[in-house]
Amino acid sequence: MSDTETTAAADRPRNFIEEAIAEDLESGRFDRVQTRFPPEPNGYLHIGHAKAIAIDFGMARRHGGKCNLRFDDTNPTREDVEYVDSIKQDIEWLGFRWDRECYASDYYGQLYDWAVELIRKGRAYVCDLGADEVRELRGTLTEPGRPSPFRDRAVEENLDLFARMKAGEFPDGSRTLRAKIDMAHPNLNMRDPVMYRILHSRHHRTGDEWCIYPTYDWAHGQSDSLERVTHSLCSLEFEDHRPLYEWYIRELGIFPSRQIEFARLNLTHTVMSKRRLREMVEEKVVHGWDDPRMPTLSGLRRLGYTPAAVLDFLDRVGVAKTDSVADIALLEHCLREDLNRRAQRAMAVLRPLRLVIDDYSEDRVEELEAVNNPEDGSAGTRKVPFCRELLIEREDFALEPPPKFFRLAPGREVRLKHAYLVTCISVERDSDGNVTAVRCTHDPASRGGEAPDGRRVKGTLHWVSARHAAEAEVRLYDHLFAKPDPDDAAEGEDWHANLNPASLETLSGCRVEPGLAEVSTGDRFQFLRLGYFCADPDSRPGRPVFNRSVALKDSWAKVVRAG
RNA sequence: UGGGGCGUCGUCUAACGGCAGGACCCAGGAUUUUGGAUCCUGGUGUGAAGGUUCGAGUCCUUCCGCCCCAGCCA
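Cut-off values and rules
- Residues numbered from 1 in each chain as written.
- Chains lettered and ligands numbered in written order.
- Predicted model: local features only at pLDDT ≥ 70, side-chain atom pairs only at ≥ 80, totals over all residues.
- Heavy atoms only, no water.
- Pairing = 2+ DSSP bridges.
- Helix = DSSP H or I, 4+ residues; strand = E, 2+ residues; numbered from the N terminus.
- pLDDT = per-residue confidence, 0-100.
- Contact = heavy atoms within 4.5 Å.
- Salt bridge = Lys/Arg side-chain N within 4 Å of Asp/Glu carboxyl O.
- Core = buried A, V, L, I, M, F, W, Y, C linked by side-chain atoms within 4.5 Å.
- Buried < 20%, exposed > 50% of the residue type's maximum accessible area, 1.4 Å probe, protein only.
- 1 Å grid on protein atoms, 1.4 Å probe; cavity = no way out; pocket = protein on both sides within 12 Å on 5 of 7 lines; lining within 4 Å.
- Points joined across faces, edges and corners; volume = space filled by probe spheres on them.
- Nonpolar A, V, L, I, M, F, W, Y, C, P; charged D, E, K, R; others polar.
- Axes fitted to C-alpha atoms, helices over the stretch in contact; angles between N-to-C directions.
- Parallel < 35°, antiparallel > 145°, perpendicular 65-115°, else oblique.
- Left-handed = near helix turned anticlockwise from the far one by under 90°.

1. Focus: the pairing of strand 6 (residues 194-198)
Now for step 1: Pairing geometry for strand 5 (residues 176-179) and strand 6, over three bridges, is antiparallel. Within the sheet, the bridge partner assigned to Thr176 lies in strand 6 and is Arg197.
Now for step 2: As judged from the three bridges shared by strand 6 and strand 7 (residues 212-214), these two strands associate in the antiparallel manner. Across the sheet, Ile198 pairs through a bridge with Ile212, a residue of strand 7.

2. Details of the confidence of the model for chain A
Now for step 1: On average, chain A scores 96 in pLDDT, and the residues at 70 or more come to 98%.
Now for step 2: Contacts for the low-pLDDT stretch residues 1-7, under 50 throughout, to residues beyond four places or in other chains number three contacts.
Now for step 3: Across the assembled chains, the prediction reports ipTM 0.97 with pTM 0.97.

3. Overview of the pattern of salt bridges
Now for step 1: One pass over the full model with this rule turns up 58 salt bridges.
Now for step 2: A salt bridge links Glu169 to Arg164; the nearest nitrogen and oxygen atoms lie 2.7 Å apart.

4. Things to note about the nonpolar core
Now for step 1: Core analysis: the biggest nonpolar cluster contains 64 residues, and Ile17, Ile47, Ile91, Leu94, Met280, Phe313 and Leu314 have the highest contact counts within it.
Now for step 2: If sequence neighbours within four positions are ignored, Phe313 has contacts with Ile47, Leu265, Leu267, Ala326, Asp327, Leu330, Leu331 and Cys334.

5. Here's the deal with empty space enclosed by the protein
Which parts of space are left empty comes out when a probe the size of a water molecule is rolled across the atoms.
Now for step 1: Inspection of the entire model under this criterion finds two cavities of 30 Å³ or more.
Now for step 2: Here the largest cavity is characterised by a volume of approximately 40 Å³.
Now for step 3: What lines the largest cavity is simply Tyr216, Asp217, His220, Gly221, His241, Tyr245 and Gln259.
Now for step 4: In terms of residue count, helix 8 (residues 216-226) provides more of the lining of the largest cavity than any other element does, four residues in total.
Now for step 5: When grouped by side-chain class, the residues that make up the lining of the largest cavity number two nonpolar, four polar and one charged.

6. Brief notes about the sheet that holds strand 1 (residues 34-37)
Now for step 1: With respect to topology, three strands assemble into an open sheet ordered 1-2-3, the strand pairing being parallel. Looking at strand neighbours, the two that pair on one side only are strand 1 and strand 3 (101-103), the edges of this open sheet. When strand polarity is set aside, the average angle formed by the axes of neighbouring strands in this sheet is 35°.
Now for step 2: Bridge count between strand 2 (residues 66-71) and strand 3: three bridges; the pairing is parallel. The partner of Arg70 across the bridge, within strand 3, is Cys102.
Now for step 3: Sheet strands in contact with helix 4 (residues 81-94) are strand 1, strand 2 and strand 3, and its direction is about 155° off that of strand 2.

7. What about the packing of helix 8 against helix 9 (residues 242-252)?
The relative placement of two packed helices is expressed as an angle between their axes plus a distance between the axes.
Now for step 1: Direction vectors running N to C along helix 8 and helix 9 enclose 60°, while the axes themselves pass 9 Å from each other. Considering the angle they form, helix 8 stands oblique to helix 9. In this structure, helix 8 crosses over helix 9, and the sense of that crossing is right-handed. Contacts between helix 8 and helix 9 involve Asp217, Trp218, His220, Gly221, Gln222 and Asp224 on the former and, on the latter, Leu244, Tyr245, Tyr248, Ile249 and Leu252.
Now for step 2: Counted by class, the contact of helix 8 with helix 9 contains six nonpolar, three polar and two charged residues.

Take a look at the structure:
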C-alpha cells in the first residue's frame, strides 16, 4: 500500500463496517480480523467487484488481518477456469495480495458430512418434489408455505436416499436435500431451503466426483466458518439470508463468522449487472469483456485507468447501506487527478490541418525543448522537431472566429507551444472553399514561445512537424449510455435505446510526435489540450493506437455549449 | 396486505443530543507558454407531521417514499 493511500484511509471517518469490527474486537467477540473475497468464477470482474475487493482486503489490512480469495464454485453448469485466471489477474492489478487461495469445492467432503449430521439431528430431509412443486408449496410473500409430503421422512430413509443421491442413482432435479426449518416463516429463505441439488455436470475442479452440488446458502457460511472468517462482508441483497447463515452455523455448532452487508456500487451512464454486460458482449454492442467502454476491470485497464485512480474513487464513494448511484464524473475526476501528476505530456494532432510558416526556410529543422510534465520537475524535458510545415488541430483555426475564440484566425497571432508566436496571413482553400492550409509568419525572437516584448498572446496551440510526425490511430471513448440511468427508457423501449451512438469514435490519420512512434501497451500520455491517452494492445511498431482514457476539462466546450 | 433494509445539498458521504461539514458537480473570478493544472468566492440538503428536550439529522410516535426477497443462481 502506498503512503498516500495509508494517509487517506487514516484521515477519513470510519465507515459502519469499521465501527462494527472495532466493536467486535473491543468486546472480545473476535480477537483478529479475517475476511474473504468470494467471487463466482462465471464472468469478469467489474468496478462493483472492485468495491467489494477494496472492502474485503482493506478491512483485513487495516486491522492487521488476512483476506482469502475464495472461489464460490458451487454451480458447475456456469463456471469455468477461464474466469479464475482473469479474476486473479484483476485482483493483483488492483494491488491486493490474498492470503489463501480457496475454493468452495475444497469443502465438498466436509459439507457432505455436515449434511449427514443435520439429517441425523432431524434437521434436514430428502425431498422428492420437483422444482415446480417446491415452488408451489413455498407459499408467497403474504401466504405461508405448506410442508412437503416428504418432510417427516425417517432419518434412516433420508440417510439412505441422500447416499444414493450422491451415488448418482437419481436424475437431475428429481430430488433435493432440504433443511427442515419452518414452512410458515415470514422470511422465504427459511422455508425449508434446498441444500443440495442433483446435477450430473462436470465440475472444473472436482471433475465427475460429485453429482450433487451444494447451494450458495449451504456452502457459503460453512466455507466462511471453515476458514475462520470473522467478518463475512457482502452486499445488501444477502441481508435476508443472514438468518439462514446463522441457523446453519448454530445447528452445526461451528465457528460463528459474522455477516455484514453493504450497498453495492452503481455508476451513472453504465450498467453493473453481469447479465447485462454479458448481453452487450454477445450482441456485439461492445467488442468484448475488455472493451474500453466496459466497466469491467479489464475494460478500465485497457481504457487507461490506473489502480490508484480506481482505489481513490472507491475510497471517496465510501461504504454505507444506502442504495446509491455514484456519478461517473467522480471516477473520471480521480483519473485526471492521478494522471495529471504522473503522465508525460506529448503533442498529438487528431484532425490535422496544414500550417505553413512562410518566413521559415524550407530546409531548416530545429529541435525545440519541451517540458515533459509541468507538475513534476523530475520528469525532465525532451526535444521536439520543428520546421516550415506543421500540422495543427483543424478546430484550432476559424475563418470567422466566434466570440471568445482565442485560437488562430486570419490576422491573429497565437503561440505554438514550446515553439514560436505565429500570425496567420492567409489561407489556402480547395474548390469547395474548404480551408486546406493556413499560412503564417513567425516572430523569430519568440523562440520557445515567449513574447520578447511581453505582449499578451492568449491562445496556445499544440502542433506536430508534418515532416517528422508519426501516424497514429486514436480511439475517442465516451459513456456507453447517453442517459445517467440506462434503464430510463420510454414505453416499449429498453436500454438499447439509451446506448450512446458516439461512445466510440475512431480517428485514423492522426499525427503524433515522432517520439511516440514506438510505444508499449499501457503507456500513458497527456496529449496537450486534449486529454489522457493510453497505448492500446492493437498498437504496432511505427503505428501506435491510442485510447482516450478521459478528456481534459474543457471550458471552451462549455462556452460553445452555452452558445 | 408478509419479511428484511434504506431516506442528509443535483450526486456520494460526515455528524454518535450541542454551529449540518467535505468531495464531485454547477456558477463566477484570479492566474496561466495546455481554454489543463492551481487558487479564491458562491450555490442548493436533514422525506412529512407530531412529541420528548434548554437544545433533535440524531430519541419516541404516526405517516410517506425507495430498494431487496416467492432459483434446485450467487
